[in-house]
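Examination of the molecular architecture
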Amino acid sequence: MFKFDFTPADLSDDGEGEQNVQSDAFETNIGLGTLRASKPVLNGPHDTGIDENMADAVMDESQKISLDTLLSALPPMISYSTISIPLESSATPLILPRRDLFDVRFQLMASDPDEELAAREPANADTTFLNAPSDLVPGVYEGGFKTWECSVDLTTYIHRIGKDTPNPRSVLELGCGTALPSCCIFRDLLLRDQDEAKAHSTAMYLQDYNKAVLELVTLPNLLLTWFFFNSSKAYRDTQPQDSNVGASSFPDSGEVAITSNLLGAFTTSLETRGITLNFYSGAWSTFDHSLSATCDLVLTSETIYRASSLPSLIAVLKSAPRKSVILVAAKVVYFGVGGGVRLFVEAVLKAGGTVAPVWQMRDGVGRQVLQVSFLSKL
(Lines give C-alpha, C1' and ligand atoms only; values in the text may rest on other atoms or scores of the structure.)
Protein backbone atom coordinates (compact mmCIF):
# COMPACT_ATOMS: atom_id res chain seq x y z
CA MET A 1 0.00 0.00 0.00
CA PHE A 2 1.26 3.45 -0.93
CA LYS A 3 1.20 6.54 1.27
CA PHE A 4 1.83 10.08 0.04
CA ASP A 5 4.87 11.48 1.86
CA PHE A 6 2.81 14.24 3.42
CA THR A 7 -0.22 14.33 5.62
CA PRO A 8 -2.11 17.63 5.34
CA ALA A 9 -3.08 18.04 8.98
CA ASP A 10 -5.00 21.20 8.20
CA LEU A 11 -6.93 19.44 5.44
CA SER A 12 -7.49 16.01 6.94
CA ASP A 13 -10.14 15.26 9.51
CA ASP A 14 -8.15 12.62 11.31
CA GLY A 15 -5.74 14.98 13.01
CA GLU A 16 -2.56 13.37 11.72
CA GLY A 17 0.60 15.46 11.84
CA GLU A 18 2.96 16.14 8.98
CA GLN A 19 5.68 13.63 8.25
CA ASN A 20 9.36 14.42 7.85
CA VAL A 21 10.28 14.11 4.19
CA GLN A 22 13.83 13.36 3.13
CA SER A 23 14.71 14.76 -0.27
CA ASP A 24 17.49 16.36 -2.26
CA ALA A 25 16.63 19.42 -4.30
CA PHE A 26 17.46 19.19 -7.97
CA GLU A 27 16.71 21.10 -11.12
CA THR A 28 15.24 19.40 -14.14
CA ASN A 29 14.56 20.78 -17.60
CA ILE A 30 11.57 19.19 -19.27
CA GLY A 31 11.23 21.47 -22.25
CA LEU A 32 8.98 23.96 -20.45
CA GLY A 33 11.61 25.95 -18.62
CA THR A 34 13.38 24.95 -15.44
CA LEU A 35 11.13 23.46 -12.79
CA ARG A 36 12.20 22.93 -9.21
CA ALA A 37 11.52 19.43 -7.94
CA SER A 38 12.45 17.16 -5.08
CA LYS A 39 14.50 14.04 -5.58
CA PRO A 40 13.07 11.09 -3.68
CA VAL A 41 15.35 9.03 -1.46
CA LEU A 42 14.59 5.39 -2.25
CA ASN A 43 16.37 2.37 -0.86
CA GLY A 44 14.78 -0.16 -3.16
CA PRO A 45 11.66 -1.09 -5.15
CA HIS A 46 9.89 -2.53 -2.13
CA ASP A 47 9.99 0.71 -0.15
CA THR A 48 6.75 1.87 -1.73
CA GLY A 49 4.74 -1.01 -0.31
CA ILE A 50 2.96 -1.29 -3.65
CA ASP A 51 2.53 -4.58 -5.41
CA GLU A 52 4.14 -3.83 -8.76
CA ASN A 53 1.76 -6.32 -10.40
CA MET A 54 -1.18 -4.06 -9.56
CA ALA A 55 -0.47 -2.08 -12.74
CA ASP A 56 -1.82 -5.04 -14.66
CA ALA A 57 -4.82 -5.62 -12.41
CA VAL A 58 -8.29 -5.57 -13.89
CA MET A 59 -9.83 -2.19 -13.06
CA ASP A 60 -13.47 -1.55 -12.30
CA GLU A 61 -15.60 -0.69 -15.31
CA SER A 62 -16.81 2.88 -15.52
CA GLN A 63 -20.46 3.26 -14.63
CA LYS A 64 -22.89 6.13 -14.23
CA ILE A 65 -24.51 6.58 -10.84
CA SER A 66 -27.70 8.61 -10.82
CA LEU A 67 -28.18 11.62 -8.58
CA ASP A 68 -31.29 9.98 -7.14
CA THR A 69 -29.27 6.91 -6.14
CA LEU A 70 -26.73 9.04 -4.29
CA LEU A 71 -29.39 11.20 -2.64
CA SER A 72 -31.23 8.12 -1.41
CA ALA A 73 -28.04 6.87 0.31
CA LEU A 74 -27.60 10.01 2.43
CA PRO A 75 -27.88 9.56 6.21
CA PRO A 76 -30.44 11.48 8.31
CA MET A 77 -27.73 13.91 9.46
CA ILE A 78 -24.42 15.12 8.02
CA SER A 79 -21.65 16.53 10.16
CA TYR A 80 -19.48 19.15 8.48
CA SER A 81 -16.60 21.54 9.07
CA THR A 82 -15.29 24.33 6.88
CA ILE A 83 -12.08 24.67 4.94
CA SER A 84 -10.41 27.97 4.03
CA ILE A 85 -9.22 28.35 0.45
CA PRO A 86 -6.57 31.08 0.11
CA LEU A 87 -7.33 33.61 -2.60
CA GLU A 88 -4.70 35.57 -4.46
CA SER A 89 -7.07 38.47 -5.11
CA SER A 90 -8.29 38.91 -1.55
CA ALA A 91 -7.05 38.67 2.03
CA THR A 92 -10.35 37.01 2.86
CA PRO A 93 -10.29 33.30 2.01
CA LEU A 94 -13.04 31.39 0.29
CA ILE A 95 -14.84 29.28 2.88
CA LEU A 96 -16.34 25.99 1.76
CA PRO A 97 -18.11 23.34 3.84
CA ARG A 98 -17.18 19.68 3.57
CA ARG A 99 -18.32 16.52 5.27
CA ASP A 100 -16.25 15.39 8.24
CA LEU A 101 -14.23 12.23 7.73
CA PHE A 102 -15.28 10.91 11.14
CA ASP A 103 -18.89 11.25 10.00
CA VAL A 104 -18.10 9.06 6.99
CA ARG A 105 -16.56 6.47 9.30
CA PHE A 106 -19.61 6.61 11.55
CA GLN A 107 -21.97 6.00 8.64
CA LEU A 108 -19.96 3.01 7.51
CA MET A 109 -19.78 1.55 11.01
CA ALA A 110 -23.50 2.07 11.52
CA SER A 111 -24.30 0.09 8.38
CA ASP A 112 -23.90 -3.63 7.85
CA PRO A 113 -20.43 -3.91 6.26
CA ASP A 114 -21.28 -7.15 4.48
CA GLU A 115 -24.42 -5.75 2.85
CA GLU A 116 -24.03 -1.99 2.59
CA LEU A 117 -20.45 -1.69 1.36
CA ALA A 118 -20.73 -4.79 -0.77
CA ALA A 119 -23.43 -2.93 -2.67
CA ARG A 120 -21.11 0.07 -3.13
CA GLU A 121 -17.90 -1.85 -3.88
CA PRO A 122 -18.96 -5.38 -4.94
CA ALA A 123 -15.43 -6.64 -5.49
CA ASN A 124 -14.02 -5.04 -2.35
CA ALA A 125 -16.49 -5.21 0.52
CA ASP A 126 -13.74 -4.80 3.12
CA THR A 127 -13.93 -1.33 4.72
CA THR A 128 -10.57 -1.55 6.45
CA PHE A 129 -8.91 0.76 3.90
CA LEU A 130 -10.73 3.71 5.46
CA ASN A 131 -8.74 3.35 8.69
CA ALA A 132 -5.63 1.74 7.23
CA PRO A 133 -2.26 3.54 7.47
CA SER A 134 -2.28 4.08 3.73
CA ASP A 135 -3.60 6.75 1.40
CA LEU A 136 -4.42 4.34 -1.39
CA VAL A 137 -4.74 0.68 -2.18
CA PRO A 138 -4.14 0.32 -5.95
CA GLY A 139 -7.19 -1.02 -7.74
CA VAL A 140 -9.28 -0.81 -4.55
CA TYR A 141 -9.20 2.68 -3.05
CA GLU A 142 -7.59 5.77 -4.61
CA GLY A 143 -7.51 8.20 -1.66
CA GLY A 144 -10.75 10.05 -2.38
CA PHE A 145 -12.02 10.42 1.18
CA LYS A 146 -9.32 12.95 2.09
CA THR A 147 -8.75 16.48 0.83
CA TRP A 148 -5.25 16.85 -0.60
CA GLU A 149 -3.12 19.97 -0.98
CA CYS A 150 -3.23 20.18 -4.76
CA SER A 151 -7.02 20.12 -4.69
CA VAL A 152 -6.83 23.33 -2.66
CA ASP A 153 -4.26 24.76 -5.10
CA LEU A 154 -6.53 24.01 -8.04
CA THR A 155 -9.50 25.60 -6.27
CA THR A 156 -7.45 28.74 -5.64
CA TYR A 157 -6.49 28.94 -9.31
CA ILE A 158 -10.02 28.26 -10.55
CA HIS A 159 -11.33 31.09 -8.41
CA ARG A 160 -8.72 33.39 -9.98
CA ILE A 161 -9.70 32.60 -13.56
CA GLY A 162 -13.44 32.31 -12.85
CA LYS A 163 -14.15 35.84 -14.01
CA ASP A 164 -12.71 34.93 -17.42
CA THR A 165 -14.83 31.77 -17.74
CA PRO A 166 -18.03 32.70 -15.89
CA ASN A 167 -20.41 30.30 -17.60
CA PRO A 168 -18.85 26.94 -18.43
CA ARG A 169 -21.30 24.80 -20.35
CA SER A 170 -19.80 21.49 -19.30
CA VAL A 171 -17.31 20.70 -16.51
CA LEU A 172 -15.52 17.41 -15.80
CA GLU A 173 -13.49 16.65 -12.67
CA LEU A 174 -11.51 13.42 -12.87
CA GLY A 175 -10.57 11.68 -9.62
CA CYS A 176 -12.75 14.22 -7.86
CA GLY A 177 -12.74 12.82 -4.30
CA THR A 178 -13.98 15.57 -1.98
CA ALA A 179 -14.44 17.73 -5.11
CA LEU A 180 -13.34 21.13 -3.78
CA PRO A 181 -12.67 22.53 -7.30
CA SER A 182 -16.12 21.43 -8.47
CA CYS A 183 -17.70 22.82 -5.30
CA CYS A 184 -16.09 26.20 -6.04
CA ILE A 185 -17.53 26.19 -9.55
CA PHE A 186 -20.87 24.92 -8.26
CA ARG A 187 -20.98 27.77 -5.75
CA ASP A 188 -20.39 30.35 -8.50
CA LEU A 189 -23.10 28.78 -10.65
CA LEU A 190 -25.54 28.93 -7.75
CA LEU A 191 -24.77 32.61 -7.16
CA ARG A 192 -25.88 33.53 -10.70
CA ASP A 193 -29.25 35.19 -11.03
CA GLN A 194 -31.94 32.92 -12.41
CA ASP A 195 -32.26 34.70 -15.75
CA GLU A 196 -28.55 34.23 -16.41
CA ALA A 197 -28.78 30.62 -15.24
CA LYS A 198 -31.63 29.86 -17.63
CA ALA A 199 -29.64 31.32 -20.53
CA HIS A 200 -26.51 29.32 -19.68
CA SER A 201 -27.20 25.81 -18.44
CA THR A 202 -24.23 23.81 -17.12
CA ALA A 203 -23.60 20.08 -16.93
CA MET A 204 -21.15 18.94 -14.25
CA TYR A 205 -19.49 15.52 -14.47
CA LEU A 206 -17.79 14.18 -11.36
CA GLN A 207 -15.71 11.02 -11.66
CA ASP A 208 -13.96 8.98 -8.99
CA TYR A 209 -12.67 5.43 -9.01
CA ASN A 210 -14.74 4.55 -5.95
CA LYS A 211 -18.52 4.68 -5.93
CA ALA A 212 -18.35 4.93 -2.12
CA VAL A 213 -16.37 8.17 -2.41
CA LEU A 214 -19.04 9.71 -4.65
CA GLU A 215 -21.74 8.59 -2.23
CA LEU A 216 -20.06 9.49 1.05
CA VAL A 217 -18.16 12.72 0.30
CA THR A 218 -18.58 14.05 -3.26
CA LEU A 219 -22.37 14.42 -3.31
CA PRO A 220 -22.59 15.47 0.37
CA ASN A 221 -20.06 18.26 -0.23
CA LEU A 222 -22.03 19.57 -3.20
CA LEU A 223 -25.20 19.45 -1.11
CA LEU A 224 -23.50 21.34 1.73
CA THR A 225 -22.23 23.95 -0.73
CA TRP A 226 -25.78 24.49 -1.93
CA PHE A 227 -27.15 24.61 1.61
CA PHE A 228 -24.84 27.34 2.85
CA PHE A 229 -25.35 29.84 0.06
CA ASN A 230 -28.24 31.97 -1.16
CA SER A 231 -29.60 29.31 -3.49
CA SER A 232 -31.09 27.49 -0.49
CA LYS A 233 -32.49 30.61 1.18
CA ALA A 234 -36.12 29.75 0.43
CA TYR A 235 -35.69 26.41 2.18
CA ARG A 236 -33.65 27.80 5.07
CA ASP A 237 -36.26 30.47 5.70
CA THR A 238 -38.58 27.65 6.71
CA GLN A 239 -36.01 26.43 9.25
CA PRO A 240 -35.78 28.92 12.16
CA GLN A 241 -32.62 27.38 13.56
CA ASP A 242 -30.82 28.06 10.29
CA SER A 243 -32.21 31.53 9.57
CA ASN A 244 -28.93 33.21 10.56
CA VAL A 245 -26.95 31.39 7.89
CA GLY A 246 -26.00 33.76 5.10
CA ALA A 247 -24.25 33.59 1.76
CA SER A 248 -20.83 34.50 3.15
CA SER A 249 -21.05 33.46 6.78
CA PHE A 250 -22.03 30.20 8.43
CA PRO A 251 -20.90 28.16 11.44
CA ASP A 252 -17.41 26.68 11.16
CA SER A 253 -18.77 23.27 12.09
CA GLY A 254 -22.10 21.65 12.80
CA GLU A 255 -24.72 19.28 11.49
CA VAL A 256 -27.31 19.51 8.74
CA ALA A 257 -30.48 17.44 8.92
CA ILE A 258 -31.15 15.65 5.63
CA THR A 259 -34.90 15.71 5.13
CA SER A 260 -37.10 14.99 2.13
CA ASN A 261 -37.99 18.70 2.01
CA LEU A 262 -34.32 19.65 1.88
CA LEU A 263 -33.59 17.17 -0.91
CA GLY A 264 -36.64 18.37 -2.82
CA ALA A 265 -35.48 21.97 -2.52
CA PHE A 266 -32.00 20.96 -3.67
CA THR A 267 -33.17 19.21 -6.84
CA THR A 268 -35.61 22.03 -7.60
CA SER A 269 -32.81 24.56 -7.25
CA LEU A 270 -30.68 22.58 -9.70
CA GLU A 271 -33.51 22.57 -12.23
CA THR A 272 -34.31 26.28 -11.94
CA ARG A 273 -30.64 27.21 -12.26
CA GLY A 274 -29.96 24.94 -15.21
CA ILE A 275 -27.41 22.71 -13.46
CA THR A 276 -27.19 18.96 -13.97
CA LEU A 277 -24.98 16.78 -11.77
CA ASN A 278 -23.63 13.55 -13.28
CA PHE A 279 -21.54 10.99 -11.41
CA TYR A 280 -19.28 8.23 -12.71
CA SER A 281 -17.25 5.61 -10.86
CA GLY A 282 -14.63 3.21 -12.18
CA ALA A 283 -11.41 3.33 -14.15
CA TRP A 284 -10.40 6.01 -16.65
CA SER A 285 -9.55 3.29 -19.15
CA THR A 286 -13.26 2.55 -19.53
CA PHE A 287 -14.55 6.12 -19.16
CA ASP A 288 -16.87 7.23 -21.97
CA HIS A 289 -14.88 9.69 -24.09
CA SER A 290 -18.06 11.03 -25.65
CA LEU A 291 -18.70 12.75 -22.29
CA SER A 292 -15.29 14.42 -22.03
CA ALA A 293 -15.63 15.40 -25.70
CA THR A 294 -18.37 17.85 -24.67
CA CYS A 295 -16.50 19.54 -21.79
CA ASP A 296 -15.05 23.02 -22.03
CA LEU A 297 -13.40 22.73 -18.60
CA VAL A 298 -11.58 19.56 -17.45
CA LEU A 299 -10.00 19.37 -14.00
CA THR A 300 -7.96 16.86 -12.05
CA SER A 301 -5.69 17.02 -9.00
CA GLU A 302 -3.35 14.58 -7.24
CA THR A 303 -3.92 11.98 -9.97
CA ILE A 304 -0.51 11.60 -11.65
CA TYR A 305 1.25 9.78 -8.80
CA ARG A 306 1.35 6.43 -10.62
CA ALA A 307 3.01 6.15 -14.02
CA SER A 308 0.90 3.16 -15.08
CA SER A 309 -2.30 5.23 -14.94
CA LEU A 310 -1.01 8.10 -17.10
CA PRO A 311 -1.99 6.66 -20.53
CA SER A 312 -5.65 6.24 -19.60
CA LEU A 313 -5.79 9.65 -17.91
CA ILE A 314 -4.17 11.39 -20.88
CA ALA A 315 -6.53 9.60 -23.27
CA VAL A 316 -9.49 11.15 -21.44
CA LEU A 317 -7.85 14.58 -21.41
CA LYS A 318 -7.06 14.33 -25.12
CA SER A 319 -10.68 13.53 -25.94
CA ALA A 320 -11.78 16.97 -24.71
CA PRO A 321 -12.50 19.65 -27.32
CA ARG A 322 -9.46 21.47 -28.70
CA LYS A 323 -10.54 24.79 -27.16
CA SER A 324 -11.29 23.36 -23.74
CA VAL A 325 -9.35 24.42 -20.66
CA ILE A 326 -7.59 21.41 -19.10
CA LEU A 327 -6.00 21.92 -15.68
CA VAL A 328 -3.92 19.36 -13.78
CA ALA A 329 -2.74 20.07 -10.23
CA ALA A 330 0.02 17.89 -8.84
CA LYS A 331 3.16 17.59 -6.77
CA VAL A 332 6.40 17.80 -8.69
CA VAL A 333 7.39 14.39 -7.30
CA TYR A 334 5.44 11.75 -5.39
CA PHE A 335 7.89 10.14 -3.03
CA GLY A 336 8.23 6.39 -3.02
CA VAL A 337 6.29 5.93 -6.26
CA GLY A 338 8.21 7.96 -8.82
CA GLY A 339 5.24 9.67 -10.44
CA GLY A 340 5.04 13.42 -10.78
CA VAL A 341 5.20 16.35 -13.14
CA ARG A 342 8.19 15.24 -15.23
CA LEU A 343 6.75 11.85 -16.16
CA PHE A 344 3.36 13.40 -16.84
CA VAL A 345 4.78 16.11 -19.10
CA GLU A 346 6.83 13.56 -21.01
CA ALA A 347 3.71 11.43 -21.53
CA VAL A 348 1.65 14.43 -22.71
CA LEU A 349 4.36 15.49 -25.15
CA LYS A 350 4.54 11.94 -26.49
CA ALA A 351 0.76 12.04 -27.00
CA GLY A 352 1.06 15.20 -29.07
CA GLY A 353 0.12 17.70 -26.38
CA THR A 354 1.71 20.68 -24.68
CA VAL A 355 1.95 21.64 -21.01
CA ALA A 356 2.39 25.06 -19.45
CA PRO A 357 2.79 25.72 -15.70
CA VAL A 358 0.25 28.39 -14.69
CA TRP A 359 0.74 28.28 -10.90
CA GLN A 360 3.43 26.88 -8.64
CA MET A 361 4.52 26.58 -5.03
CA ARG A 362 8.27 26.08 -4.56
CA ASP A 363 8.41 25.66 -0.78
CA GLY A 364 8.68 22.15 0.60
CA VAL A 365 7.45 19.51 -1.80
CA GLY A 366 6.94 21.52 -4.99
CA ARG A 367 3.39 21.80 -6.31
CA GLN A 368 2.08 23.06 -9.65
CA VAL A 369 -1.06 23.68 -11.63
CA LEU A 370 -0.49 22.78 -15.27
CA GLN A 371 -2.55 23.75 -18.31
CA VAL A 372 -2.65 21.00 -20.91
CA SER A 373 -3.67 21.29 -24.54
CA PHE A 374 -3.72 19.06 -27.58
CA LEU A 375 -3.55 20.21 -31.18
CA SER A 376 -5.43 17.17 -32.36
CA LYS A 377 -7.97 14.83 -30.81
CA LEU A 378 -7.70 11.05 -30.53
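First things first, this report covers the structure right here in the doc. (Residues numbered from 1 in each chain as written. Predicted model: local features only at pLDDT ≥ 70, side-chain atom pairs only at ≥ 80, totals over all residues. Heavy atoms only, no water.)

Quick look at the packing of aromatic side chains
- Inspection of the entire model under this criterion finds nine aromatic pairs.
- Taking the centre distance of 6.4 Å and the plane angle of 55 degrees together, the rings of Trp226 and Phe227 count as tilted. Take Trp226 and Phe227: they sit in the same class, and that class is buried.
- Here Trp226 and Phe266 contribute two aromatic rings whose centre-to-centre distance is 5.4 Å and whose plane-to-plane angle is 70 degrees, an arrangement assigned as edge-to-face. You can see Trp226 sitting in helix H7 (residues 211-227) and its partner Phe266 sitting in helix H9 (residues 260-272), a full 40 residues away along the chain. The exposure classification of Trp226 matches that of Phe266, with both residues buried. (Phe/Tyr/Trp six-rings, centres within 6.5 Å; stacked < 30°, edge-to-face > 60°. Buried < 20%, exposed > 50% of the residue type's maximum accessible area, 1.4 Å probe, protein only. Helix = DSSP H or I, 4+ residues; strand = E, 2+ residues; numbered from the N terminus.)

Some thoughts on the side chain of Thr300
- Within the secondary structure, Thr300 sits in strand S10 (residues 297-301).
- The exposure class assigned to Thr300 is buried, which follows from its relative accessible area of 1%.
- Within polar-contact distance, the side chain of Thr300 engages the backbone oxygen of Leu174 at 3.0 Å.
- A polar contact is formed between the side chain of Thr300 and the side chain of Thr303, at a distance of 2.7 Å.
- Filtering out sequence-adjacent residues up to four positions away, Thr300 remains in contact with Leu154, Leu174, Leu327, Val328 and Ala329. (Polar contact = N/O pair within 3.5 Å; in protein donor to acceptor, adjacent residues only side chain to side chain. Contact = heavy atoms within 4.5 Å.)

Here we look at the nonpolar core
- Grouped together as the largest cluster of nonpolar side chains are 56 residues, with contacts concentrated most on Phe186, Trp226, Leu262, Phe266, Leu277 and Phe279.
- Dropping the residues within four chain positions of it, Leu262 is found in contact with Leu223, Trp226, Phe227, Tyr235, Val256 and Ala257.
- Of all hydrophobic cores here, the second largest spans 32 residues; its members include Leu172, Leu317, Ala320 and Ile326. (Core = buried A, V, L, I, M, F, W, Y, C linked by side-chain atoms within 4.5 Å.)

The values reported here are purely geometric and, on their own, carry no functional implication.
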